[in-house]
Structure formats: C-alpha cells, structure tokens
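Chain by chain, the residues run as shown.
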Amino acid sequence: MDMFLQQALNLLQLGSIYALLAIGFSIVYGIVRLVNFAHGDIFMVATYAFFFLSTWLLTYTNSLYLVLAITLVLVAAAVSFLAVGIERVAYKPLRSAPKVSVVVTSLAVGLLLQHMVLQFIGPTPRRVPRLVPDIKFQVGTVNIELYQIVIIAVALFIMLLLSLFIMKTKTGIAMRAAAQDSTAASLMGISTDYIISVAFVVGATVASIGAGLYGMAYPIFDPYIGQMINWWSFTAAVLGGIGDFKGAVLGGFLLAAVMVISPMVLPVSSYRDIVAFGILILILLIKPSGLLGKKIIQKV
Amino acid sequence: MFSKKIVSLTLLVVVTATLFVINHFQLIGAYYLQIAQYIGIYAIMVLGINLVNGYLGIFSLGHAGIMAVGAYSSALISKFVLTDPVFFPLNIFLGGVFALLAGFLISIPSFKVRGDYLAIITLGFTLIMRSVLQNIEFVGGARGLRNIPSNTNIAWVFIWLVVAIVMVQMFIKSKYGRATLALQQDEIAAELVSVDTKKTKMVVFGFSAFLIGVSGGLLAHLLSFTNPNTFGYAMVSEGLIMVYLGGISSITGSLLGAGLWTLLVEVLRPLGVWRWIIGAVMLIVVMIYRPSGLAGGTELTIENTVSFFKNIKNWFASKTKKSVTSDNDSGK
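About the thresholds
Residues numbered from 1 in each chain as written. Chains lettered and ligands numbered in written order. Predicted model: local features only at pLDDT ≥ 70, side-chain atom pairs only at ≥ 80, totals over all residues. Helix = DSSP H or I, 4+ residues; strand = E, 2+ residues; numbered from the N terminus. Rg over C-alpha atoms; globule rule 2.2 N^0.38 Å. Buried ≥ 20, exposed ≤ 12 C-beta atoms within 10 Å, placed from the backbone. Contact = placed C-beta atoms within 7 Å. Expected span 1.5 Å × (residues − 1). Nonpolar A, V, L, I, M, F, W, Y, C, P; charged D, E, K, R; others polar. Axes fitted to C-alpha atoms, helices over the stretch in contact; angles between N-to-C directions. Parallel < 35°, antiparallel > 145°, perpendicular 65-115°, else oblique. Left-handed = near helix turned anticlockwise from the far one by under 90°. Pairing = 2+ DSSP bridges. pLDDT = per-residue confidence, 0-100.

A. Examining the overall build of chain B more closely. Helix and strand counts for chain B stand at 13 helices and 0 strands. Relative to the 2.2 N^0.38 estimate, which gives 20 Å for 332 residues, the radius of gyration of chain B is 22 Å and therefore close to what a compact globule would have. Expressed along its principal axes, the backbone C-alpha trace of chain B runs to roughly 80 × 55 × 50 Å. The proportion of buried residues among the 332 residues of chain B is 47%.

B. Main features of the overall build of chain A. A tally of helices and strands in chain A yields 11 helices and 4 strands. For chain A, the spread of C-alpha atoms along the principal axes amounts to about 60 × 50 × 40 Å. Taken across its 300 residues, chain A has 48% of its residues classed as buried. In chain A, 76% of the contacts between residues at least 6 apart in sequence involve partners at least 24 apart.

C. The arrangement of helix 12 (residues 274–289) of chain B in detail. Given a rise of 1.5 Å per residue, 16 residues ought to cover 22 Å, and the 23 Å separating the end C-alpha atoms of helix 12 of chain B matches this to within 8%. Trp 276, Ile 277, Gly 279, Ala 280, Leu 283, Ile 284, Val 286 and Met 287 of chain B are the residues of helix 12 of chain B that are buried. Taken together, the buried residues of helix 12 of chain B touch helix 3 (64–91) and helix 4 (99–120) of chain A together with helix 10 (233–246) and helix 11 (251–267) of chain B.

D. Here's a closer look at the environment of Val 79 of chain A. Residue and element names in this part refer to chain A. Its location among the elements puts Val 79 in helix 3. Placed 15 residues apart in sequence, Val 79 and Leu 94 show a C-alpha to C-alpha distance of 22 Å. Those residues in contact with Val 79, other than ones at most four positions away along the chain, are Ile 42, Val 45, Ala 46, Ala 49, Ala 204, Ala 207 and Ser 208.

E. Region of the structure containing the interface of chain B and chain A. Taken together, the contact pairs 37 residues of chain B with 40 residues of chain A. For the side of chain B that touches chain A, the element with the highest residue contribution is helix 5 (residues 115–135) of chain B, accounting for 12 residues. Here the residues of the side of chain B that touches chain A sort into 27 nonpolar, 6 polar and 4 charged.

F. A look at the packing of helix 2 (residues 30–56) of chain B against helix 11 of chain B. Residue and element names in this part refer to chain B. Interhelical geometry of helix 2 versus helix 11 gives an angle of 140 degrees and a closest axis separation of 8 Å. Taken as axis vectors, helix 2 and helix 11 run oblique relative to one another. For the pair helix 2 and helix 11, the sense of crossing is right-handed. On helix 11, the residues touching Ile 35, Tyr 38, Ile 39, Tyr 42, Ala 43, Val 46, Leu 47 and Asn 50 of helix 2 are Ile 251, Ser 254, Leu 255, Gly 257, Ala 258, Gly 259, Thr 262 and Glu 266.

G. How the structure looks around the packing of helix 5 (residues 146–168) of chain A against helix 8 (residues 192–217) of chain A. Residues and elements named next belong to chain A. Between helix 5 and helix 8, the least distance of the axes is 9 Å, while the angle of their chain directions is 165 degrees. One element, helix 5, and the other, helix 8, form an angle in the roughly antiparallel class. The two elements helix 5 and helix 8 cross, and the hand of that crossing is left-handed. Note on element contacts: helix 8 touches helix 5 through Val 206, Ile 209, Leu 213, Met 216 and Ala 217, opposite Tyr 147, Val 150, Ile 151, Val 154, Ala 155 and Ile 158.

H. Representation of the pairing of strand 3 (residues 142–145) of chain A within the structure. Across 4 bridges, strand 2 (residues 136–139) of chain A lies against strand 3 of chain A in antiparallel orientation. Bridging across to strand 3 of chain A, Phe 137 of chain A finds its partner in Ile 144 of chain A.

I. View of the environment of Phe 88 of chain B. Residue and element names in this part refer to chain B. By secondary structure assignment, the location of Phe 88 is in helix 4 (residues 88–107). For Phe 88 and Ser 74, which are 14 residues apart along the polypeptide, the C-alpha to C-alpha distance reads 8.9 Å. Residues in contact with Phe 88, not counting those within four places in the same chain, are Ser 78 and Asn 151.

J. Examining unusual backbone geometry more closely. All names here are of chain B. Of note in the backbone geometry, Asn 147 takes a positive phi value of approximately 55 degrees without being a glycine. Of note, the phi angle at Ser 249 is positive, near 50 degrees, even though the residue is not glycine. Its place among the elements puts Ser 249 in the loop between helix 10 and helix 11. In this structure Ser 249 comes out as buried when scored by C-beta crowding, with 25 C-beta atoms within 10 Å.

K. Helix 3 of chain A, seen in detail. Across its 28 residues, helix 3 of chain A extends 38 Å between first and last C-alpha, which sits within 8% of the 40 Å expected from 1.5 Å per residue. Within helix 3 of chain A, the full set of buried residues consists of Val 67, Thr 71, Leu 72, Val 75, Ala 76, Val 79, Ser 80, Ala 83, Ile 86, Glu 87, Ala 90 and Tyr 91 of chain A.

L. Quick look at the confidence of the model for chain B. All names here are of chain B. In this model, chain B carries an average pLDDT of 87, and 96% of its residues clear a pLDDT of 70 or more. Note that residues 325–332 has pLDDT below 50 and, in this model, 5 contacts with residues that lie over four places away or in other chains. Both scores are available for the predicted complex, with the pTM at 0.86 and the ipTM at 0.84.

M. Geometry of the confidence of the model for chain A. Looking at chain A as a whole, the pLDDT averages 88, with 97% of positions reaching at least 70. No element of chain A has a lower mean pLDDT than strand 2 of chain A, which averages 83, and none a higher one than helix 2 (residues 39–58) of chain A, which averages 93.

N. Seen up close, the environment of Glu 145 of chain A. In this fold, Glu 145 of chain A is placed in strand 3. Spatially, the C-alpha atom of Glu 145 of chain A lies 38 Å from that of Ile 86 of chain A, the residues being 59 residues apart in sequence.

Encoded structure:
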C-alpha cells in the first residue's frame, strides 16, 4: 500500500510534466495543424537557459524562490521570442505548402537547435541547481519531497490559468475560433498571424515551465534530452487526441501512469517501452483519433 | 525500343563487371568505396520510404523498425543458417521478405487510423522493435549482433540498387501503381472508382518494407555488426530528411536525397558538429523554396532535361526581348 501511494505521487509528478509538454504540442497543432517536432528541442534550449540563468543569479542572492520566479519568467519570455522567430522564418513561408513539408522543416529546426547547442555549449551533461529547499515530509509512511509538491502545484496552476485564458479572454476565444476554422475566423476580423504567434508563445512558455519543473525532478541533462522529450510529449498529445487541451492533460497523465506502473508489474524494467507503445497502439486502434479527439469526417 | 533495352542491359552488365573488378583489386580507396556503398544502401532505403511517404502519401515513421527486421533477419540467416558467401544475395532477399511481412503488419492499422495518429503507431512499431531486439539475448541484446560476414561490396550494392529502381519504376506504371497515385490524391474518390484501398495499401507497405529490409541487410553485412540503437529516432529522422530533401514521389529524388545527405555528412566530417547545422539550414531552405523536395514529383529523363533547358532559353529570350522592345509576348 505504501509502495502504491509512493508510486501514485511519482505518477502525479511525472504526469504533470508530460501534461504541460503535451499541451504545448497540442495548442500549436490546434491552430496551425503542424506537428512541431522542434518542440522537444525548444524544451532543451529552455533547460539550458534555465540552467545558466539560475546559476548566475544564485551568485547574487540566496533566496531560492526569488531565483526560481525570476528564472521562470525570463526564460519563458526568451524562449517565446525564439519560438516566434522560428515560426516567422521557417514555418510562415510554408503556410500554403503540403503539411509534411512543414513537419520536415520542424524536424530540421529541431536538428539545428540541438546541434547549435552541441557546437556552442558542448555535449557534457550538466546538473540544474536545486531551486527548492531540500525538505522532506512524512505523511503516514509516504515520503513526500517539497519539490514534488511544487511541481504538481505549479503544473496544476498553469493548467488552470491556461484553461481560463483559452475559455474566457478575447484572445483565447479568437484562438478557439481559429482552431475551428481559420478561414472563417479571419473573415470575422481575427488576424491569423497574430493568433499563430500567440499559439507559439503559449507553447514555448508552457515548455519553459515544463523544463523548469523537469529539472527539479531529473536534474541531469544534455543536448540530446530534447529528442526524447519530443517523442514522449508527441505521444501524450496524440494519445489524448491531438489539438485538444483536455486530451493533452489526460494523455500526459495516462502516459505517466504507463511509465510508472509498468516497471512495477513487469519482470524486466526494459520491457517498459514495449508495453507503453503496445497500449498506445491498442488505444489508437480502438479510438483512431485519440481518447478525446473529435472524429474527422472526410468529405470528397 | 528493342535496341534501347539491349544497350542499357549491356551497359548494366559492363558497369557491374567493372565494379566487381574495382572491388577485387581495390582500385579505389576503401574510404571512397565505403561512402559509395552508403549512398547506394541509403538510396534503396529512401526508395522504399518514398513508396509510402511519397507515392502513397501516408506519413509513416516505421522505416527504422522495418530496417532492423531486414538487418537482423538476414544477418542471422547468414551467420547461422546459410553461412556460405554464395548464398549472400539469397540472404539479403530473405531479409527483405521478413521485412515485407512486417510491412504487411504495419499496413493493417492504416486501414482505419489516419494522419498523425498513424504516424504515432508506426513510430511505436519502430520503438517496440528496438526494445524487443534489446531484450533478446540470442541476438546480442543491447550490445548488438557481431561478426556478421562482411559480404556487402560495391557491386552487390549496385545490383540491388538497379533492381530496386527497376522494380519501383515498373510498380508505378502497374495497376497497383496507378491505384497508389489515386489513393495519394484522394482516398474516398479512389474507393468510389473501385480501387481496393486496403489491398493497395498492403501491397505498397509490403513492397516498401521489402526495399527497406534489403537496405538493412546490406548495411548489416557492410558494417559486419548491427545494434538495436542504430534503428532508433536518429534513423527515423535521417530517413525522412533524405526523402524530403531529394523529393517525394520521385526516383530521381530518392537517389538525389540519399546521395546529397550522405555526401554532406561524410565529406564535411572535418567540420564536426557544424555539418549538421549546415545540413539543417540547407533542409529548411530547400523546404521553403521547394516544399516537395529538390526533385519532388519529377524525374530526370532526357525529355525533361531538354525541356528544362528550353525553358531557360525561352526565359532568357523573353527577358532580352522585353528589355529591348518591351514587347508583350513573354508567353512564348
């Protein structure tokens, strides 16, 4: 039972991070219909920015929470600029091109980011400084670390904020309109370019916060981290139904559940990938457009 | 027509014989030979990927897994079953056949699942395949399979490449080839004109997998070892890059993509990481100016080359005419 609760906590922690990453994937997809394979590498760049900024700030002040707050905001802003820049330079000229060309371009952008970091910063793995005090709680027989609470709380807060943004604000409503039908939306006076930029900003912001949280739980990182994150967050987004906000959250937690539970049940932990993808394929065979995805009716 | 066939056949035989001689007496440096073999092997793979991702128009990420099937099965056969080098072509063929079965398997989800969801399923196949290979001790587990007889040489690569090109060309002109192109345009419309979409998808996936499997077998016998990690994310993205760089739905494009990318990665090796940066930027630029790749949808034939130069000539002619008389017949 203790083991079970402990793992449930791990599940929540991992699930919140996956959910955030999948949201970033999904929001961009919802607006531009682009599987942005550079998302994982944007996450990687954010991790590096987080690392350098927080290490630098820690030489001036000892207040961990202050550093955490400043770093999160600044990194999110910087990475948003990067993401919008990438969109303007690489994706915008391809608005009317076939969809796969844009997907391949995003693959190239990811490759570019990864190797830029490799060239200018180097391949050595680094360690993110711990920005949450090392405090442990004992609830019953379950050990809870403070950083786990911070991860879950921040992630839930961001999701709440994001859903309020999408449901209530004018920009959010415009985004939903553009996701439904971008031509009709632009006829209603919504600037598609602006909405796309907003989508990329939201995606990058969420990815940066995800990077910050990920660093708390798994502090070691290198330039190749983006690739793995990329495919896992894509998987989570598709599992829930890509383009759907709630679906991304559900997909993130479900993927985390598979990742956490399968090593407990399986005799050999290296079977994890087989089981994870086996379940995924099974779900997609039963529900071909993800758990919460809408069925797209093709017309001739 | 008859004489053309004879000429090209003689040419093929002569080139193959020359390659065998070159290989036997090592007339070309081993390094250059190695690069040439890589290009040939990747060209076969890219032709295979192009069948599904280009001609059929389904975005699949299964090629790394399929390549692993081809590589491992042919390597195991030539290590334990048919060990004599005489059987080498047969072993490669058998590797292709096992890959073909895997291709049939992947085609089944494509009947129902579409677009990005199918992409995830095919990616899942690749990763499951890698994980399975990592967990089977008999094939070396995560360390990989070693001491595979290194039977691949430039002449065999050339022969398989020619076979692949001829097969793809014949396939595209066949009944299934036309059905494939119809499916790429519009699946529902194709079904309405009584194209058997399921059967066509199965055939294309199977054929594509066969070629990819052959390339995997050749690669394993070239390096004389094979490792599950070779067939992971990196192979998935590199395969896609070669296909879309060269051009989708084009044999010329497949050869061009495999050649350009391999040369880029190998020739610029002294530049270290920079070559990947250059490659990525090049790919982005190509995508922006030619969204379906350098030779997307066209082939390099004599007629096309002639008309290409004619177009350039006309363009120049219209330019000069305009500047002199500002006449309005640039349409000519």
